[in-house]
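Fold and contact review
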Amino acid sequence: MMDSVRPTTEADRRHWHLDKTLNVSHLLTTIVIAGSLFAYANNMDRRVAILEEKMQVQVQENSRSAAEVRELAADVKHELRLLRTELMRMMTEKAGGKP
């Protein structure tokens, strides 16, 4: 029976409402969070830029290393050809010198 005789002010408090007052602590907290997010994003941007720079240096180093390996492989092939030629020459001299 008491429920049917509720005042209208109590019924209004159960529903959502917006308060037009501004709480300074909430405002400061929002500003601090926004500043922290900005600082975090700025720091990440710097870190990404540093990583990109390091990647470019690494790509150049990898290219240089690959060129050195190709040059070394070419030198090894050349030396093997010279050894084969010398070995063949020695074998023909030995075969030709034997009766």
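Everything discussed here concerns the structure shown above.
Quick look at the structure, then. (Residues numbered from 1 in each chain as written. Predicted model: local features only at pLDDT ≥ 70, side-chain atom pairs only at ≥ 80, totals over all residues. Heavy atoms only, no water.)

**A word on the overall build of the chain**
Spelled out, the test is: The way it works is that DSSP assigns letters per residue, a run of H or I at least four long becomes a helix, a run of E at least two long becomes a strand, and they are numbered from the N terminus. Only protein chains enter the accessibility calculation, which uses a 1.4 Å probe. A residue is then buried if its area is under 20% of the maximum for its type, exposed if over 50%, and partly exposed in between.
Helix and strand content of the chain: two helices and zero strands. For the chain, the residues scored as buried account for 0% of the 99 residues in total.

**A few points about a nonpolar patch on the surface**
Filter applied, for reference: Surface patches are defined over residues having more than 30% relative accessible area and no salt bridge, joining like charges when they lie within 9 Å and nonpolar side chains (Val, Leu, Ile, Met, Phe, Trp, Tyr) when within 5 Å. In this description, accessible areas are obtained by the Shrake-Rupley approach with a 1.4 Å probe, and a residue is regarded as covered only by the protein chains that are shown. Here a salt bridge means any side-chain nitrogen of Lys or Arg lying within 4 Å of a carboxyl oxygen belonging to Asp or Glu.
Residues L22, V24, L27, L28 and I31 make up a contiguous nonpolar surface patch of about 510 Å² in total accessible area. Along the chain, V24 falls in helix 2 (residues 24–97). What makes V24 exposed here is its relative accessible area of 54%.

**Brief notes about the pattern of salt bridges**
Inspection of the entire model under this criterion finds four salt bridges. The shortest N-O distance in the salt bridge between E68 and R64 comes to 2.4 Å. Of the two residues, E68 and R64 both sit in helix 2, four residues apart, roughly one turn of that helix. E68 sits in the partly exposed class, given a relative accessible area of 44%. In this structure, the salt-bridge partner of R89 is E86, at a minimum N-O distance of 2.2 Å. Within this pair, R89 and its partner E86 are both found in helix 2, separated by three residues, close to a single helical turn. Here the residues in one salt-bridge network are E61, R64 and E68, joined through shared partners.

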